[in-house]
Amino acid sequence: LIIVRFTALGKLLKAACLLIIGILILHHLKKHLDESVHDALLEFVNAVRIVEKNELIHGLLERSLGVSRTTLHLFGVGTFVYAGLFAMEGIGLLFDKAWAEWMVIVTTAGFIPLELYEIHRDITVLKVLVLILNVLIVIYISMRIRWRHLAKLEARAQGHPVVSRDTTPAGIKP
């Protein structure tokens, strides 16, 4: 159960970060209507005192040269959608809801091919660790769903009503 709680907190943390990013993007777009996306990002980098020589920041600024305001607006809205998805998963996991477990399996497993592609393109320790963690999360939550299913089957076979979904066949809480 502690693994699920940590996964839920991770999902909620991702949701909070994406929410902040989305707000910053849309606020910055509204504030800088007459500037190009590149100029607005450059001003933002200078305002928060991020070193422009940083590879990540330099790559972001370079990619922003051809980005339209519409694309950036859609990106901002997309961050809200993903924030909502992560928040829904996190809250559902905190309340031990089966639908949230299924959502986590689908969304996490759906990103594994992309993570493999990224590792193939440029392997880093962080990318490999994220991949391993996501695979372990999918396996563990899949096992929890299976344990619950087996517990229900066992309870029905013994003639007991299936009221609680918090036990496994061995009587151990997952």
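All figures in this text were calculated on a predicted structure; none of them were measured in a lab.

A. Representation of the overall build of the protein chain within the structure. Check the secondary structure of the protein chain and you find six helices and zero strands. Reading the protein chain from its N end, one meets helices and strands in the order α-α-α-α-α-α. Sorting the 174 residues of the protein chain into buried and exposed places 30% on the buried side. On the protein chain, roughly 11,600 Å² of surface is accessible, and the fraction owed to carbon and sulfur atoms is 71%.

B. Highlighting the packing of helix α1 (residues 2-31) against helix α4 (residues 69-94). Direction vectors running N to C along α1 and α4 enclose 155°, while the axes themselves pass 7 Å from each other. Here α4 runs roughly antiparallel to α1, going by the angle between their axes. Here α1 runs over α4; the crossing is left-handed. Residue composition of the contact of α1 with α4, by class: 21 nonpolar, six polar and five charged.

C. How the structure looks around helix α6 (residues 125-157). Along its 33 residues, α6 runs 48 Å from first to last C-alpha, staying within 8% of the 48 Å computed at 1.5 Å per residue. Among all positions in α6, only L131, N134, I137, V138, Y140, I141, R144, I145, R148, A151 and A155 are buried. Those residues of α6 hidden inside the fold are in contact with α1 and α5 (98-121). Directly beyond the C-terminal end of α6, a positive phi value near 80° is found at G159.

D. Region of the structure containing the pattern of salt bridges. Enumeration over the complete set of coordinates arrives at eight salt bridges. Between E89 and K11 there is a salt bridge whose closest N-O contact spans 3.0 Å. With E89 in helix α4 and K11 in helix α1, this pair connects stretches of sequence that are 78 residues apart. A single burial state applies to E89 and to K11, both of which are buried. Of the charged contacts in the structure, one is a salt bridge between R148 and D96, with a shortest N-O distance of 2.7 Å. Of this pair, R148 sits in helix α6 while D96 sits in the loop between α4 and α5; the two residues are 52 residues apart in sequence, bridging distant segments of the chain. Taking the relative accessible area as the measure of exposure, R148 reaches 6% and is therefore buried. Among the residues examined, D96 registers a relative accessible area of 13% and is labelled buried.

Here is what the cut-offs are and how they apply
- Residues numbered from 1 in each chain as written.
- Predicted model: local features only at pLDDT ≥ 70, side-chain atom pairs only at ≥ 80, totals over all residues.
- Heavy atoms only, no water.
- Helix = DSSP H or I, 4+ residues; strand = E, 2+ residues; numbered from the N terminus.
- Buried < 20%, exposed > 50% of the residue type's maximum accessible area, 1.4 Å probe, protein only.
- Areas by Shrake-Rupley, 256 points an atom, 1.4 Å probe, with all protein chains shown as cover.
- Axes fitted to C-alpha atoms, helices over the stretch in contact; angles between N-to-C directions.
- Parallel < 35°, antiparallel > 145°, perpendicular 65-115°, else oblique.
- Left-handed = near helix turned anticlockwise from the far one by under 90°.
- Nonpolar A, V, L, I, M, F, W, Y, C, P; charged D, E, K, R; others polar.
- Expected span 1.5 Å × (residues − 1).
- Contact = heavy atoms within 4.5 Å.
- Salt bridge = Lys/Arg side-chain N within 4 Å of Asp/Glu carboxyl O.

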